[in-house]
Amino acid sequence: MKILAIIPARGGSKRIERKNIRDFAGKPVIAYSIDAALRSGCFDTVMVSTDDDGIAEVALRCGAEVPFMRSARTSDDFATTADVITEVLDRYAEQGRHFDAVACIYATAPFVTATRLSDVAAMLRRGDAQAAFTCVEYSYPVQRSLRVNESGRIAMRFPEYASARSQDLEKTYHDAGQFYFTTVGAFRECGSLWGPDTLPIVLPELEVQDLDTETDWKIAEMKYRLLRGENPDFPGRFSAGGYECVPYTEMDSALTQAMFEGRNDPEVRERMVNREPIAREDHDKFVRSLAMRHDRMYYAVLDAEGGVVGSFNMTVSAPGRMERGIWIASAQRGRGHAVRMMKAVYARFGRECAVEVIETRVRVDNEPSNALERSLGAREISRDGEYIYYETRI
């Protein structure tokens, strides 16, 4: 079964300006949906449907495809999600690409997870249902809801339930606004993302939050931090395996310059996920921003003589899990630094930060970095046309 992931993200958000690419807990909110879709490994294509060049640029940077721009007809305030899905399927069909199922993942769904997406994809592949989508139970029985009547007085909407116990009332649910899966056949037949043969994916209330107002946004970020648990305190300057690891926030000017030059070395960039050079102003701004972050830290790595070996970074992705990046200075290549350094660092973060799993993403064509992951005992989780995704248990 070929499944297409569509992330709708038009540019004309009204209540929150540039909502779909606004910063949420440290990165553009759309990045969470793209990352979860890519990591799930269940989609043949992950694409963003947008009418906005800025959103398209962010989507491409995050790893999604933007093969064509959305039409004016599906970009106004009256276009429905079904209209967008239909247009995307039709445009792919014109290119000779056809899919058996489609997932619509909203751009403002920072609580979506790769595991949940892959589980629902498996349901469709098994034929459990023609469609499924996320929902959440109402926190209060709707049968006990109130209304303001014509005279301005409060009254029960359903007075017959006035004396009913809450536990005796039927549970009711509402759309959680995270994602929808449907077979293309069922979608074409009914013109909707769900019909009579649809399974509910019931989410905990903590993982659901509208993002329509500034207050919504603040509440969602609080929920996000709560779900991730209290982030561990990243170690300050420390020694591990014969290396000195210096947080970027503690670097002097000379080491800051060395990190800037090392990261921009063409031989280093060719093995990185982000291969674009960075301007000095942007580098300095990024280093300053780390002082305000509690979920991420970058470290400069020095050898016993004080020479620059490279750099690594750790980012909290979930309780007990961190995502890691690394680069080794071109003059230090081929000396076994990466394996020795990372083994020592993993052990340190396992002890001090309660990290159990390290997540990494490596370009398919980067054989030295893929060899590093294998040497560290990493397990391949999934891959797409550009990246291989690994997990290493500490």
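Remember, it's a predicted structure, so these values are computed and weren't measured experimentally. (Residues numbered from 1 in each chain as written. Predicted model: local features only at pLDDT ≥ 70, side-chain atom pairs only at ≥ 80, totals over all residues. Heavy atoms only, no water.)

*Asks:* I keep staring at the overall build of the protein and nothing clicks. Help me out?
*Replies:* Counting its regular elements, the protein contains eleven helices and 18 strands. Expressed as lengths along the three principal axes of its C-alpha atoms, the size of the protein is roughly 80 × 50 × 40 Å. By the burial criterion, 46% of the 394 residues in the protein qualify as buried. Of all intrachain contacts in the protein linking residues separated by at least 6 positions in sequence, the fraction that spans at least 24 positions is 67%. Of the accessible surface of the protein, which amounts to about 19,700 Å², a share of 48% is contributed by carbon and sulfur atoms. Across the protein, 52 positive and 60 negative side-chain charges occur, with their mean positions spaced 2 Å apart. (Helix = DSSP H or I, 4+ residues; strand = E, 2+ residues; numbered from the N terminus. Buried < 20%, exposed > 50% of the residue type's maximum accessible area, 1.4 Å probe, protein only. Contact = heavy atoms within 4.5 Å. Areas by Shrake-Rupley, 256 points an atom, 1.4 Å probe, with all protein chains shown as cover. Lys, Arg positive; Asp, Glu negative; His and termini not counted. Charge placed at Lys NZ, Arg CZ, Asp CG, Glu CD.)

*Asks:* Can you walk me through the packing of aromatic side chains in this structure?
*Replies:* When we look at a pair of aromatic rings, we describe it by the centre distance and by the angle of the planes. All chains considered together, the criterion is met by 21 aromatic pairs. Judged by centre distance (5.6 Å) and plane angle (85 degrees), the rings of F24 and Y224 are edge-to-face. On the criterion of sequence distance, the pair formed by F24 in strand β2 (residues 23–24) and Y224 in helix α6 (residues 214–227) is long-range, its members being 200 residues apart. Look at F24 and you get buried, because its relative accessible area is 0%. Residue class for Y224 comes out buried when judged on its relative accessible area of 11%. With 5.5 Å between their ring centres and 50 degrees between their planes, Y248 and Y298 make a pair best called tilted. With Y248 in the loop between β12 (243–247) and α7 (253–264) and Y298 in strand β13 (residues 296–302), this pair connects stretches of sequence that are 50 residues apart. Clustering of aromatic rings is evident, with ring pairs tying together F24, Y32, F111, W217 and Y224. It is K2 that lies over the ring of F99; its NZ or CZ is 5.5 Å from the centre. Its end group placed over the ring of F68, R91 keeps NZ or CZ at 4.4 Å from the ring centre. (Phe/Tyr/Trp six-rings, centres within 6.5 Å; stacked < 30°, edge-to-face > 60°. Lys NZ or Arg CZ within 6 Å of the ring centre and 35° of its normal.)

*Asks:* So what exactly am I meant to see when it comes to the packing of helix α1 (residues 29–40) against helix α4 (residues 114–126) here?
*Replies:* Think of two packed helices as two axes; the pair is described by the angle between the axes and how far apart they sit. It is at 8 Å that the axes of α1 and α4 come closest, and there the two elements cross at 55 degrees. Relative to α4, α1 is oriented oblique. Viewed along their axes, α1 and α4 form a crossing whose handedness is right-handed. Seen from α1, the contacting residues are A36, A37, R39 and S40; seen from α4, they are A114, L117 and S118. (Axes fitted to C-alpha atoms, helices over the stretch in contact; angles between N-to-C directions. Parallel < 35°, antiparallel > 145°, perpendicular 65-115°, else oblique. Left-handed = near helix turned anticlockwise from the far one by under 90°.)

*Asks:* Looking at this structure, I do not really get the nonpolar core. What am I missing?
*Replies:* As a rule of thumb, soluble globular proteins bury nonpolar side chains together. Core analysis: the largest hydrophobic core is formed by 42 residues, its most contacted members being I30, I34, F43, V48, L117 and F181. Among the elements that take part in this core, α1 stands out by supplying six residues, more than any other. Setting aside residues no more than four positions away along its own chain, L117 makes contact with A36, A37, S40, C42, F43, I105, V112, F179 and F181. The next biggest cluster of nonpolar side chains, apart from the first, holds 40 residues, and it includes L255, A300, A329 and F349. (Core = buried A, V, L, I, M, F, W, Y, C linked by side-chain atoms within 4.5 Å.)

*Asks:* Can you walk me through the environment of A318 in this structure?
*Replies:* Relative to the helices and strands, A318 is located in strand β14 (residues 308–318). Relative accessible area serves as the criterion here: at 21%, A318 is assigned to the partly exposed category.

*Asks:* Which parts of the structure should I look at to understand the environment of R275?
*Replies:* Tracing the sequence through the fold places R275 in the loop between α8 (266–269) and α9 (280–289). Between the C-alpha atom of R275 and that of A25, which follows or precedes it by 250 residues, the distance is 24 Å. Not counting residues up to four positions away in its chain, the partners in contact with R275 are R269, E270, R363 and D365.

Don't take any of this as a statement about function, it's just geometry.
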